[in-house]
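Overview (structure and organization)
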Amino acid sequence: MKKLLTAAAGIALASALSMSAVAADKLKVGFIYIGPPGDHGWTYQHDQGRQAIDARLGDQVETVFVENVPEGPDAERTITRLARQGAGLIFTTSFGYMDPTLKVAAKFPDVKFEHATGYKRADNVSTYSSRFYEGRYVIGQIAAKTSKSGVAGYIGSFPIPEVVRGINAFLLGAQSVNPDFKLKVVWVNSWFDPGREADAAKVLISQGADIITQHTDSTAAVQVAEEQGVNAFGQASDMEAFAPNALLTSIIDNWSDYYIARTQAVLDGTWVSTDTFGGMDANMVNMGPFVNMPADVKAMAEATTAAITAGEFHPFSGPVYKQDGSLAAAEGEVVDLGSLLGMDWYVQGVDDKL
Amino acid sequence: MQIVLEKRSQASSWMNVMSPVLAIGLTVIMGGLIFAAMGKPPLTALYLYFIDPLTSWWSIEEVLVKAGPLVLIGVGLAVCFKANVWNIGAEGQLTAGALMGAMVPVLLGDWQSPWALVLMLLLGALGGAMFAFIPAWLKTRFGVNEILTSLMLVYIAQLFLDWMVRGPWKDPHGYNFPKSVAFEGWHLLPMWGDGRMHLGLVVALVIALVLYWVMRNNLKGFEVRVVGSAPRAGAFAGFSQTKMVWFCFALSGGLAGLAGLIEVAGPIGQLQPHISPNYGFTAIIVAFLGRLNPLGVVFSGLLLAISYIGGEGVQIELGISDKTTQVFQGMLLFFILMCDTLILYRVRYLSGTQANIEGETS
């Protein structure tokens, strides 16, 4: 009996050692999510990126994720935990993780951090985001062509520059088709709250909007649009399955290429802190299929997408007027990058105040 | 055949103490079954959930950081509930306290002195108490149900905070992001350890001990118990129901406000739209799990904190949804209420005729 126990202990010990040996060989890549991967929007796309790492580099890399991490003191603990458990690379995928990410990064100089949509960097903290506004301009054009009432509804999460930029790009696109196009905005103060997102969509429709777009993470708004017979756009992910009749197209975030490239860089030892702001040209923002629309609208949307991808056209090309009537960019100019990154003003025609 | 709950003539005092232990045991057993049903090794999962958080100094620190606000709010609510006053809005009072205390760093950013921190702590408690006076006044003046008013005021406080950090108190150099300026120097609580343990934890423990003493040995504690369990007897003894409502809201609101200020001047270090992962609501579970006894609250606060930290560990190690934490906390509250009910009442099965007779006599 005693022998048996010793043997069993020996096997257990040996297997534990071999397991830790395997774990030590593999690079551990951690992800912090603001919502559940099943939101079929923002977090879903990040999780697709994580799975892409598994698929491509699965023999050298092991990925882990934590979902529904609130943007506050809990985030710092969760990031710390991933770093303590041996993660060599950590992606923190929401704006509110900015300061916690930097705090943890200071304590773990050997771990690489990647923070999505923020603006603070360090030697071991990169930032990355996408020029989502390029897609917003395209859907703005489609909205103005399709809408009968000339009013669209926009569900905003938080009035941070990234979201304001999207609202402005959408309206500039719409105004390029119909200069009198109007936009109503409702803020839900959350990234992921399907109930409130649905309520906001209903309010906007009852106020005369016959086209809905949203900068939140769930599919609630497009589902309401489907029920109420108005048009909508998918956000972050292809949402066609949730609104087969209402959906015109989706703006699709593609993180997979970036995530694989950054993970490969850590494996190769070539990782350095950078700031990435990629758009359609870098394949980080894609348009979904253009459906439920006439051929001429589809042709226009495809032409605009091609022009932006080729770098021939910038959505914030002048003349751009601020809400107060002042000029943000004159004819022939483009709104400069600094103003885009810190955008705290609306363009003319937004029915809301910041 | 009919099932009725019948009040026991005398509740077992032994079982009264045992009830939380029983509830925890049942939660652990049910939790193990749930893990097994999900195809995860139940013993490993339970180990990760309840034991692993206590095996490294780092996670012990994190448990304490999490337990601090729960205990601080929980002891206030315990006294409140004991007196039969139902303050459900601690989350709002927490927010109000954080806002009031943050006036110092936001408006007087250059004033660096230990007194600045003292003033912040006092303002935090004052802010929470003043916000709690609204339901207290509505209750005593108009007889409005305090459960509803205190709960609804939570949303008002949170939206007000949201507006403040987007508007007047927004960091002017923060790219329009909804955050106040970062607190610095004496506007932050002294920290130890890995940089997360802070003075607020000591404050929470001291206040819990003081309240324990007050409730046991002081006339005020006696008054709380009498007014809570027998309001008429309390009235004959000269204890005012109205004053008790004010006292309870001042105490529990003040402590919740203090907890809010400690959070923003401690782990967070600035004002932002979300400053609490529902500490004010979780503290209600903490208060009941601690048998409405300040010392019990210290232990139940630690237990709930372990369930947060452990739940996160299980999520990472075994890939289980974060909802498990909420399921565990829900089960814990469910089982403790169930145990309590069965201590006070006994289940009786009545046959048809018995049920009729009981119905006629009652």
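Residues numbered from 1 in each chain as written. Chains lettered and ligands numbered in written order. Predicted model: local features only at pLDDT ≥ 70, side-chain atom pairs only at ≥ 80, totals over all residues.

**Observations concerning the environment of Gly153 of chain A**
Residue and element names in this part refer to chain A. With respect to the helices and strands, Gly153 occurs in strand S6 (residues 151-156). The exposure class of Gly153 is buried, given the 29 C-beta atoms found within 10 Å. Expressed as a C-alpha distance, the spacing of Gly153 and Gln214, which sit 61 residues apart in the sequence, is 8.2 Å. Once residues lying within four places of it in the same chain are set aside, the contact partners of Gly153 are Lys184, Leu204, Ile205, Ala209 and Ile212. (Helix = DSSP H or I, 4+ residues; strand = E, 2+ residues; numbered from the N terminus. Buried ≥ 20, exposed ≤ 12 C-beta atoms within 10 Å, placed from the backbone. Contact = placed C-beta atoms within 7 Å.)

**Let's talk about the nonpolar core**
Counting residues in each nonpolar core, the largest one holds 98 residues, and the members touching the most others are Ile167, Ala225 and Ala232 of chain A. Residues from two domains meet in this core; each of domain 1 (18-131 + 255-278) and domain 2 (133-252 + 285-351) of chain A gives at least three. Each residue touching Ala232 of chain A, except ones within four places of it in the same chain, is listed here: Ile212, Thr213, Ala221, Val222, Ala225, Ala243, Ala246 and Leu247 of chain A. Core analysis: the second largest hydrophobic core is formed by 93 residues, Phe183, Val227, Ile262 and Tyr279 of chain B among them. (Core = buried A, V, L, I, M, F, W, Y, C linked by C-beta atoms within 7 Å. Domains from an automatic or database assignment.)

**Describing the interface of chain B and chain A**
Facing 20 residues of chain B, the contacting portion of chain A comprises 22 residues. Mapped onto the side of chain B that touches chain A, the elements with two or more residues apiece are helix H3 (57-82), helix H7 (146-166), helix H11 (241-268) and helix H13 (294-318) of chain B. Tallied by class, residues from the side of chain B that touches chain A come to 10 nonpolar, four polar and six charged. (Nonpolar A, V, L, I, M, F, W, Y, C, P; charged D, E, K, R; others polar.)

**Some thoughts on the domain arrangement of chain A**
Residue and element names in this part refer to chain A. Domain parsing of chain A yields domain 1 (18-131 + 255-278) and domain 2 (133-252 + 285-351). Inter-centroid distance (C-alpha atoms) of domain 1 to domain 2 is 29 Å. Counting from both sides, the interface comprises 15 residues of domain 1 and, opposite them, 15 residues of domain 2. The element best represented in the side of domain 1 that touches domain 2 is helix H2 (residues 42-57), accounting for four residues. Residues belonging to the side of domain 1 that touches domain 2 are distributed by class as follows: five nonpolar, eight polar and two charged.

**Some words on the environment of Ser126 of chain A**
All names here are of chain A. With respect to the helices and strands, Ser126 occurs in strand S5 (residues 125-130). The buried category is assigned to Ser126, around which 23 C-beta atoms lie within 10 Å. Sequence separation between Ser126 and Asp238 is 112 residues, and the spatial gap between their C-alpha atoms is 27 Å. Other than its neighbours up to four places away in sequence, Ser126 contacts Glu114, Arg121, Ser273, Thr274 and Asp275.

**A closer look at the packing of H2 of chain A against helix H9 (residues 256-268) of chain A**
Residue and element names in this part refer to chain A. Between H2 and H9, the least distance of the axes is 8 Å, while the angle of their chain directions is 50°. Overall, the two elements H2 and H9 adopt an arrangement that is oblique. Here H2 runs over H9; the crossing is right-handed. Between H2, through Gln48, Gly49, Arg50, Ala52, Ile53, Arg56 and Leu57, and H9, the contact on the second element is made entirely by Ser256, Tyr259, Ile260, Thr263 and Gln264. Taken together, the residues that form the contact of H2 with H9 break down as five nonpolar, five polar and two charged. (Axes fitted to C-alpha atoms, helices over the stretch in contact; angles between N-to-C directions. Parallel < 35°, antiparallel > 145°, perpendicular 65-115°, else oblique. Left-handed = near helix turned anticlockwise from the far one by under 90°.)

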